[in-house]
Amino acid sequence: MRKILRITLKTFGVILVILIVSGLLGWWYVSSQFLNFEDDYTEKEEIPKLTIDGYTFLDRNENGVLDVYEDDRVSIADRVEDLLSQMTLEEKIHILKGSGMASGIGMVDPEEGIPGVVGTIVATPRLGMPALNLSDGPAGLRIEPTREGIDRTFYCTAFPIATLLASTWNTDLAYKVGDAMGNEALEYGIDVILGPGANIHRHPFCGRNFEYYSEDPLVTGKIGAAMVNGIESNGIGTSVKHFVANNQETNRNFNDTRVSDRAMREIYLKGFEIIVEDAQPWTIMSSYNKVNGTHTAESKHLLTDVLRDDWGFEGLVMSDWFGGSDAVAMVNAGNDLLEPGTKKQWDALTKGHDEGTLNMDAVDTSVKRILTLIFKSQKMKGYKYSENPDLKAHAEITRKSASEGIVLLKNEATLPLEKGKNVALIGVYSYDFIAGGTGSGDVNEAYTVSLEEGLANTGFSINQKAKDAYHEHKTANPEAFVKPEGMSAMFNPYLPTEMTYNAAMMQDIVAESDLAIITIGRNSGEGGDRVATDDFLLSDKEKDILQVTCKAFHAANKKVIVVLNIGGVLETASWKDQPDAIVLAWQGGQEGGNAVADILSGQVNPSGKLTVTFPVEVEDHASNVNFPQNGLPMKMTDLLFGKDDIPEDKMEENVDFTEYEEGVYVGYRHFDKANLDVSYPFGYGMSYTNFEYGEMELVHENDSLKITVPVMNTGQVSGKEVVQFYISKDSTQIDRPVQELKAFAKTVLLSSGETDTLRVHVPVKNLRYWNESSLQWTLESGTYKIKAGASSRAIKKAVQVKI
Ligand code: BGC
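Just so we're clear, the structure is a prediction, and the values are computed from it rather than from any experiment.

## Overview of the UniProt feature "domain: Fibronectin type III-like" (unreviewed entry) in the chain
Here is step 1 of the chain: Mapped onto this structure's residue numbering, the UniProt feature "domain: Fibronectin type III-like" (unreviewed entry) falls at residues 721–792.
Here is step 2 of the chain: When the span residues 721–792 is considered, its composition is 0% helix and 53% strand, and the gap between its end C-alpha atoms is 14 Å.

## A short note on the site of the ligand
Here is step 1 of the chain: Close to the ligand lie 13 residues, the nearest being Asp136, Arg208, His242, Asp320 and Glu526.
Here is step 2 of the chain: At 2.7 Å, a side-chain N or O of Arg208 approaches an oxygen atom of the ligand.
Here is step 3 of the chain: In the environment of the ligand, an oxygen atom lies 2.9 Å from a nitrogen or oxygen atom belonging to the side chain of Tyr288.
Here is step 4 of the chain: A per-class count over the shell around the ligand returns five nonpolar, two polar and six charged.

## Details of the sheet that holds strand E28 (residues 740–746)
Here is step 1 of the chain: Reading across the sheet, the four strands line up as E28-E27-E32-E33 and stay open at both edges, with antiparallel pairing between neighbours. The open sheet has two free edges, formed respectively by E28 and strand E33 (794–802), since each of these has just one partner strand. Averaged over neighbouring strand pairs, the angle between their axes works out to 20° when direction is ignored.
Here is step 2 of the chain: Taken together, the five bridges between strand E27 (residues 722–728) and strand E32 (residues 783–791) define a ladder with antiparallel strand orientation. Looking at E32, one finds that Phe725 is bridged to Ala788.

## Some words on the sheet that holds strand E20 (residues 581–584)
Here is step 1 of the chain: Pairing is mixed across the open sheet formed by six strands, whose spatial order is E15-E20-E19-E18-E16-E17. For this open sheet the edge positions go to strand E15 (407–411) and strand E17 (461–462), each flanked by a neighbour on one side alone.
Here is step 2 of the chain: When E15 meets E20, the two strands line up antiparallel, connected through four bridges. Across the sheet, Leu408 pairs through a bridge with Val583, a residue of E20.

## Thoughts on the packing of helix H7 (residues 261–268) against helix H8 (residues 270–279)
For any two helices packed against each other, the geometry comes down to the angle between their axes and how far apart the axes lie.
Here is step 1 of the chain: It is the contact of H7 with H8, at a shortest axis distance of 5 Å, that shows an interaxial angle of 50°. Classed by the angle they form, the pair H7 and H8 counts as oblique. Residues Met264, Arg265, Glu266, Ile267 and Tyr268 of H7 touch H8, and the partners they reach there are Lys270, Gly271 and Phe272.
Here is step 2 of the chain: Tallied by class, residues from the contact of H7 with H8 come to four nonpolar, one polar and three charged.

## Brief notes about helix H5 (residues 171–188)
Here is step 1 of the chain: Relative to the 26 Å expected for 18 residues at 1.5 Å per residue, H5 spans 26 Å between its end C-alpha atoms, a close match to the ideal helical length.
Here is step 2 of the chain: Burial within H5 is extensive, with 13 of its 18 residues counted as buried.
Here is step 3 of the chain: A positive backbone phi angle near 80° is found at Gly189, which sits one or two residues after H5.

## Looking at the pairing of strand E29 (residues 755–763)
Here is step 1 of the chain: Alternating residues of E29 divide into Asp756, Leu758, Val760 and Val762, all buried, and Thr755, Thr757, Arg759, His761 and Pro763, none buried.
Here is step 2 of the chain: Bridge analysis of strand E26 (residues 704–713) against E29 gives nine bridges, and the strand direction is antiparallel. Looking at E29, one finds that Ser704 is bridged to Pro763.

## Some thoughts on the pattern of salt bridges
Here is step 1 of the chain: Applying the stated criterion to the full structure yields 40 salt bridges.
Here is step 2 of the chain: In this structure, the salt-bridge partner of Glu526 is Arg208, at a minimum N-O distance of 3.8 Å. Here Glu526 is found in the loop between strand E18 (515–521) and helix H18 (532–536), whereas its partner Arg208 is found in the loop between strand E8 (192–194) and helix H6 (217–232), with 318 residues between them in sequence. Accessibility classification places Glu526 together with Arg208 in one group, the buried group.
Here is step 3 of the chain: Asp672 is paired through a salt bridge with Arg793; the nearest N and O atoms lie 3.0 Å apart. In this pair, Asp672 sits in helix H23 (residues 668–673) while Arg793 sits in the loop between E32 and E33, placing the two residues 121 residues apart along the sequence.
Here is step 4 of the chain: For Asp672, a relative accessible area of 12% puts it in the buried group.
Here is step 5 of the chain: A residue is classified by how much of its surface remains accessible, and Arg793, at 36% relative accessible area, is partly exposed.

## Comments concerning the environment of Asp347
Here is step 1 of the chain: Along the chain, the position of Asp347 falls in helix H11 (residues 343–355).
Here is step 2 of the chain: You can call Asp347 partly exposed: its relative accessible area is 33%.
Here is step 3 of the chain: Taking the C-alpha atoms as reference points, Asp347 and Ile93, separated by 254 residues in sequence, lie 9.9 Å from one another.

## Observations regarding the nonpolar core
Here is step 1 of the chain: Grouped together as the largest cluster of nonpolar side chains are 77 residues, with contacts concentrated most on Ile426, Leu455, Ile517, Ile561, Leu564, Trp586 and Leu600.
Here is step 2 of the chain: For this core, the element with the most residues is helix H19 (residues 540–555), which contributes six residues.
Here is step 3 of the chain: Grouped together as the second largest cluster of nonpolar side chains are 43 residues, Leu132, Leu134, Trp282 and Leu373 included.

## What to know about the confidence of the model for the chain
When pLDDT drops low, the exact placement of atoms in the prediction is not to be read closely.
Here is step 1 of the chain: When the pLDDT values of the chain are averaged, the result is 92; 91% of them are 70 or greater.
Here is step 2 of the chain: Predicted confidence for residues 61–65 stays below pLDDT 50, and this span has three contacts to residues more than four positions away or in other chains.

## Some thoughts on the environment of Ala180
Here is step 1 of the chain: Within the secondary structure, Ala180 sits in helix H5.
Here is step 2 of the chain: Using a relative accessible area of 4% as the deciding quantity, one classes Ala180 as buried.
Here is step 3 of the chain: Apart from residues lying up to four places away in sequence, Ala180 is in contact with Phe159, His394 and Ile397.

## A closer look at the pairing of E26
Here is step 1 of the chain: Taking burial as the measure, the ten residues of E26 include seven buried ones, the bulk of the element.
Here is step 2 of the chain: In the sheet, strand E24 (residues 691–693) pairs with E26 via three bridges, with the strands oriented antiparallel. Looking across to E26, one finds that Tyr693 is bridged to Val711.
Here is step 3 of the chain: As paired elements, strand E25 (residues 697–701) and E26 share five bridges and run antiparallel to each other. Within E26, the residue paired with Leu698 across the bridge is Ile707.
Here is step 4 of the chain: In this structure, the hairpin formed by E25 and E26 is closed by a connection of two residues, where Asn702 is found at a positive phi of approximately 45°.

## Here we look at unusual backbone geometry
Here is step 1 of the chain: In the segment running from Lys241 into His242, the intervening peptide bond is cis, with an omega of -10°.
Here is step 2 of the chain: Checked against the element boundaries, His242 lands in strand E9 (residues 237–243).
Here is step 3 of the chain: Look at the link from Leu415 to Pro416: it is a cis peptide, with omega at -5°.
Here is step 4 of the chain: Secondary-structure assignment places Pro416 in the loop between E15 and strand E16 (422–426).
Here is step 5 of the chain: Positive phi, normally seen in glycine, also occurs at Trp169, with a value near 50°.
Here is step 6 of the chain: Relative to the assigned elements, Trp169 resides in the loop between helix H4 (162–167) and H5.

## Observations regarding the packing of aromatic side chains
Aromatic ring pairs: the centre-centre distance and the angle between the two ring planes describe each pair.
Here is step 1 of the chain: Following the criterion strictly, the structure yields 16 aromatic pairs and no others.
Here is step 2 of the chain: With a centroid separation of 5.1 Å and 85° between ring planes, the pair formed by Phe243 and Phe272 is classed as edge-to-face. Of this pair, Phe243 sits in strand E9 while Phe272 sits in helix H8, and the two are 29 residues apart along the sequence. For the pair Phe243 and Phe272, a shared accessibility class is recorded, and that class is buried.
Here is step 3 of the chain: Geometrically, the ring pair formed by Phe243 and Trp311 is edge-to-face, given 6.1 Å between the ring centres and 85° between the ring planes. Within this pair, whereas Phe243 is found in strand E9, its partner Trp311 is found in the loop between helix H9 (300–310) and strand E14 (316–318), the two being separated by 68 residues in sequence. Across this residue pair, the class does not change: Phe243 and Trp311 are buried.
Here is step 4 of the chain: Put simply, the rings of Trp169, Tyr668, Phe682, Tyr726 and Phe744 pair up and form one aromatic cluster.
Here is step 5 of the chain: In this arrangement the basic side chain of Arg202 is found over the ring face of Tyr660, its NZ or CZ atom lying 3.9 Å from the centre.

Parameters at a glance
- Residues numbered from 1 in each chain as written.
- Predicted model: local features only at pLDDT ≥ 70, side-chain atom pairs only at ≥ 80, totals over all residues.
- Heavy atoms only, no water.
- UniProt positions renumbered as here; feature names shortened; annotations may be inferred.
- Helix = DSSP H or I, 4+ residues; strand = E, 2+ residues; numbered from the N terminus.
- Near = heavy atom within 4 Å.
- Polar contact = N/O pair within 3.5 Å; in protein donor to acceptor, adjacent residues only side chain to side chain.
- Nonpolar A, V, L, I, M, F, W, Y, C, P; charged D, E, K, R; others polar.
- Pairing = 2+ DSSP bridges.
- Axes fitted to C-alpha atoms, helices over the stretch in contact; angles between N-to-C directions.
- Parallel < 35°, antiparallel > 145°, perpendicular 65-115°, else oblique.
- Contact = heavy atoms within 4.5 Å.
- Expected span 1.5 Å × (residues − 1).
- Buried < 20%, exposed > 50% of the residue type's maximum accessible area, 1.4 Å probe, protein only.
- Salt bridge = Lys/Arg side-chain N within 4 Å of Asp/Glu carboxyl O.
- Core = buried A, V, L, I, M, F, W, Y, C linked by side-chain atoms within 4.5 Å.
- pLDDT = per-residue confidence, 0-100.
- Phe/Tyr/Trp six-rings, centres within 6.5 Å; stacked < 30°, edge-to-face > 60°.
- Lys NZ or Arg CZ within 6 Å of the ring centre and 35° of its normal.

Here you go:
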């Protein structure tokens, strides 16, 4: 017996030692390859600087040459050329990749780096070039809020998610949000914000849709450009991501997007193209996926032919984190910077040079682009950051932008509410409001205002019975309310279990309150797509809550409002008849609860409109047949180590490719063409007032269509109206959508009886389609209809023009 025990203990001991040793070895490997890796780069001695007549030079007296270095009177291009000529091969390869991801997971001494910074552009001390810090985006700056040994916090503002921001259709407001976000980067010592996201909502299940603006490329481009311009007005760079056709999270590092040229140009590339044209961002981030067989990060066609040669993009392209698989192919294709940088990439680039596969012209071009960015940075200019951005002022901006993007979907003589009413808050999310999605798009904010707090702040009383029921549920299910933290929070959305209400409990609540608000919450993010059950569709519990609440409150002649605190579209057609009002609050950032209360109380008249269609059923989307439905989460090992090619017979279950069979028929382009009913159409949103559209005028002048339309507030309260301009071509030789958005504008706040005449320009070139036989933009001549609509399905005025 003793012997058996001894052998067992010994075996356990050996296993334990093996486990510990392999764990340590594994950690050492990951750390040395991906976190803080040594890339054999040897630092050379710093060249001293000289100042003569106010100009700064690198001291190269030994050659008798003085070269410009750091002076605004000398163009950046000249300084870059000069520096490049001084760089060794090793220095050039060194600067092409970041230094690993240690600080991104908090593994950095706060004296030496900023915890939460996910990537860097490395320093070249010999030439006086500093390191730059790259941090996420896009709903706010993402850095660690606390630092070891430092007795203060470093919170950032959680602004509304991108889809909400786009729903404002207000480019000035998007600029202001960008400006505030950029200012936080500036004051916290961050040089480039990794955002905004400009991917298209191809399907409602994409887990990252909340980081993206719309199913339409024009909205994406215009709001995205405003955001870039706002952030960059601080001298901070942006990285517009994820370039391109990255519309799902399932197998995101290896999925091949199989898509037509026309759909690429007209839908998936278009938003990026508009951003380049209107904002010329400092950087663009290539995506994880492949497009038609090639990783975007290795595609010369996309990164050089389209982005640089066709569009004139002047900035640099960085990879998504650990994206691409062949470092040499990436640099050769025009992916200038490899982030966050790995030991494997350093080795591959060095080997590529030795073997002659690394194109040294491409290396020089990429290094020049990186040096240019460093010269433009505030770091290079020696900006002393305060670490104290004005978070109070930014809270005001986020609240204002959140309320402007909230969409009123339904209102049957219910809203706005009179202040002072006693509100029964139903469902856990009323008390636990969701500020934004998860993953790298999450923000470390100081607080999130819940709907409960927002209503209380605005002068409503909160029904105690309903609140007690919530607290009882919470106490009885503590494990369901544990918020994931650290890395776990990155990939596991916090979704506390919903509660159940029985009829008797509801009767008590009705008796003591004036109305009910049910909040339905959803959350998703990086690394996983959504699914139909209990996500796109309401769960059984939610259906019950709706039914029990509506029955009890309606029997007492009291109203029920549904607030949707969601990051992506959900099914509404089957239940929208039940409540009296539906408010699409999206995820409004840290001031979300206050923003919803502003709308409910009428302090702000809703003026948000949908930038995505709410379909009757998800199957109505043309993309649905080819969208992965299993919601399988991403594998960390795939991300870090890559994965082997999948055998043919296993392709399907591994979702190795996604066929974009629907071509350009994404969102309303499909629903209109297929003549399908929708639950809420693209561009839809209600107001507490009414608007009338006057005569629309169009002048065709200098290759541009100049359109005006007066909009009058004919209701009782002040409000803003978003007008959308769609073009149609009824008689056409090609297959084209029924209508396409070509411009939009928003009125100023109009008081009752007031009129604002909106003016937009549509360049005639924007009426072209991508001709797949000639591989170029082509204008079809003939008659076009230009329509002004309150939504894609509420056209108010139309004019015709012959081109
Ligand atoms: C995401 C990017 C993000 C990067 C750095 C990646 O996993 O796809 O959007 O900017 O990580 O956090």
